[in-house]
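# Breakdown of the fold
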Amino acid sequence: MTKTILTTTAGAPVADNQNSLSAGPRGPLLMQDYQLIEKLAHQNRERIPERVVHAKGSAAYGVLTITHDISAWTKAKALQPGATSEVLLRFSTVAGERGAADAERDVRGFALKVYTEEGNWDLVGNNTPVFFIRDPLKFPDFIRTQKRHPVSNLRSPTAMWDFWSLSPESLHQVTILFSDRGLPQGYRHMHGFGSHTYSFVNAANERVWVKFHFKSQQGVRTWTNEEGNAVIAGDRESAQRDLFEAIEGGDYPRWTLRVQIMTEAQARQTAFDPFDLTKVWPHADFPLIEVGVLELNRNPDNYFAEVEQSSFSPSNIVPGIGFSPDKVLQGRLFAYADAHRYRVGTHYEALPVNRPRCPVNHYHADGAMRFDAPKRTEAWYEPSSFGGPVEAPSAAEPPLPLHGDADRFDHRAGNDDYAQPGALFRLMSPAQQEALFGNIAAAMQGVPEAIVRRQLVHFHRADPAYAAGVALRLGIAFDAAPIAAE
Ligand code: HEM
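Please read all numbers here as calculations on a predicted model, not as lab measurements.

### Comments concerning the pairing of strand β1 (residues 57–66)
Burial runs high along β1: seven of the 10 residues are buried. In this structure, β1 lies alongside strand β2 (residues 84–93), joined through nine bridges in antiparallel fashion. Bridging across to β2, Leu64 finds its partner in Ser85. Bridging between β1 and strand β9 (residues 289–298) involves six bridges; their strand directions are antiparallel. Pairing of Val63 across the sheet is with Glu295, part of β9.

### Notes on the packing of helix α2 (residues 139–146) against helix α3 (residues 157–166)
α3 packs onto α2 with a crossing angle of 150° between their chain directions and a minimal axis gap of 7 Å. Taken together, the residues of α3 that come into contact with α2 (itself represented by Asp141, Phe142, Thr145 and Gln146) are Ala159, Met160 and Phe163. Residues that form the contact of α2 with α3 fall into these classes: four nonpolar, two polar and one charged.

### Focus on the site of the ligand
Taken together, 27 residues form the shell around the ligand, and within it His54, Gly109, Ala111, Pro136 and Ser195 come nearest. Elements with a minimum of two residues in the shell around the ligand: β2, β3 (108–116), β4 (119–126) and α9 (327–343).

### So, the UniProt feature "domain: Catalase core" (unreviewed entry) in the protein chain
Under the present numbering, the feature "domain: Catalase core" (unreviewed entry) in UniProt falls on residues 7–390. In residues 7–390, the share of helix is 22% and the share of strand is 20%. The end C-alpha atoms are 44 Å apart.

### With respect to the domain arrangement of the protein chain
In terms of domains, the protein chain is made up of domain 1 (1–46), domain 2 (57–350) and domain 3 (418–474). Taken over C-alpha atoms, the centre of domain 2 sits 26 Å from the centre of domain 3. Listed by partner, the interface residues are 18 residues for domain 2 and 24 residues for domain 3. Secondary-structure elements contributing two or more residues to the side of domain 2 that touches domain 3 are α3 and α4 (171–177). Residues that form the side of domain 2 that touches domain 3 fall into these classes: seven nonpolar, eight polar and three charged.

### Considerations on the packing of helix α11 (residues 430–443) against helix α13 (residues 464–474)
Packing of α11 against α13 brings their axes to within 9 Å, and their N-to-C directions diverge by 50°. Considering their axes alone, α11 and α13 lie oblique with respect to each other. Taken as a pair, α11 and α13 cross one another with a handedness that is right-handed. Facing α11, whose interface residues are Gln433, Phe437, Gly438, Ile440 and Ala441, α13 presents Gly469, Val470, Arg473 and Leu474. The class makeup of the residues in the contact of α11 with α13 is five nonpolar, three polar and one charged.

### What about the environment of Ala465?
Its place among the elements puts Ala465 in helix α13. The class for Ala465 is partly exposed, based on 15 C-beta atoms found within 10 Å. Separated by 401 residues in the primary sequence, Ala465 and Leu64 have C-alpha atoms spaced 43 Å apart.

### Describing the pairing of strand β8 (residues 254–263)
Pairing of strand β7 (residues 207–216) with β8, which is carried by nine bridges, proceeds in the antiparallel orientation. Paired with His213 across the strands is Arg258, a residue of β8. Note that β8 and β9 share six bridges and pair antiparallel. When the sheet's bridge partners are listed, Leu257 is paired in β9 with Gly292.

Conventions used here
- Residues numbered from 1 in each chain as written.
- Predicted model: local features only at pLDDT ≥ 70, side-chain atom pairs only at ≥ 80, totals over all residues.
- Buried ≥ 20, exposed ≤ 12 C-beta atoms within 10 Å, placed from the backbone.
- Helix = DSSP H or I, 4+ residues; strand = E, 2+ residues; numbered from the N terminus.
- Pairing = 2+ DSSP bridges.
- Axes fitted to C-alpha atoms, helices over the stretch in contact; angles between N-to-C directions.
- Contact = placed C-beta atoms within 7 Å.
- Nonpolar A, V, L, I, M, F, W, Y, C, P; charged D, E, K, R; others polar.
- Near = placed C-beta within 6 Å.
- UniProt positions renumbered as here; feature names shortened; annotations may be inferred.
- Domains from an automatic or database assignment.
- Parallel < 35°, antiparallel > 145°, perpendicular 65-115°, else oblique.
- Left-handed = near helix turned anticlockwise from the far one by under 90°.

The structure is reproduced here in structure tokens:
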């Protein structure tokens, strides 16, 4: 076997990688040992800031194959029948830091990057169809309550339940989080959701609204709190290990991609706001339509380069797929690319893991660590008389009619935060309801009673049996009469 020669970062051969350069065998080191200095200096720079949320994650490559014809709704080339696209899917927990244990009760991230011939399409979703908030203004406040207390540096159940109990729009997601679905047995055994309402545009330039669902072909498997704690005691990387080893062993996980479609006319008539992220679209009214299969079949070669530096953004769309008026989505369209420019750097999209697999032509210039090799050109601005990339009017979306006063509208006024969580609660089996009560009661340990009672009112409004079950587990008397009288 030919030996690969160790070099410095400048490519010069390294003669000795075991012994520093010193003045005599017992003497101090010499400043000219630039190889030692290079090694220590590089180590000092090995970390980049972890993601402010979803810091702990696992990812794999695979392929999205379109098996059904949805061309009536979208012209996206990657969604046409028979199309196959390379993908990267990064799973994550939300609240924990990079070293957090995988088997914790938390929402799981489901961030998909589809490398299409029309650009990267990123669908940055979760394993839940809804979310805790419906206005992006509340996201930093919400995340504060999930992270550590500024004084104790401990997680704070009081802060979590204080925020949730003061934000009734969170009840739907809270009910999912503390149900048995809130602690998946690894990433292969959970569904994925785009969660937001997005839009499709077809070849005739007509728009419909769409929600994306990825159904695990491995089936949903979950752990109880006790099982999760036992897993963590023996293995903090259980989800990373499960995903990595399954793929290394050729057991490729798959998800069936389905969509729900709502016309613009239907959206004007639904009883609920179809752009409200705390609501699902009833499947009876908006049935799931099969689209294709997502398979993961290749582990990254380098975790840092391909997972830590992977950068997903809901603003990455392609012709045929668009946004919606969902306020949280609108906020996210800013937040992600901004995070990447700070966390990874100005040219994060030129890194191999993020680089589109199609030609990229733009007029952005320079900046720290510009590492591509720009070709000589006279057209470094636009419009110009010297050639250079020009716009593609065919990619324009149909106009979206908007109206109304510019104002800060109270998103809680007149919004029903209880019907859907109540319906979800009643769909659960008695055993699942018992698990829900127990998980909530466990998470409320140490929370001041006034906050607990405020939250019980929300449970009661969703279903009296919901509040009664939690109160019983907590061992507190909960009088529903004053609420009923309201
Ligand atoms: C990660 C912001 C809501 C799913 C992130 C990151 C930020 C962020 C800044 C870190 C990005 C990075 O450094 O790479 C926000 C804001 C939200 C919001 C401002 C609301 C206003 C949501 C929602 C979902 C979601 C509703 C799911 C439906 C994710 C996922 C990741 C993530 C999956 C990890 C992506 C990855 O694997 O790299 N979010 N987020 N977020 N967020 Fe959000």
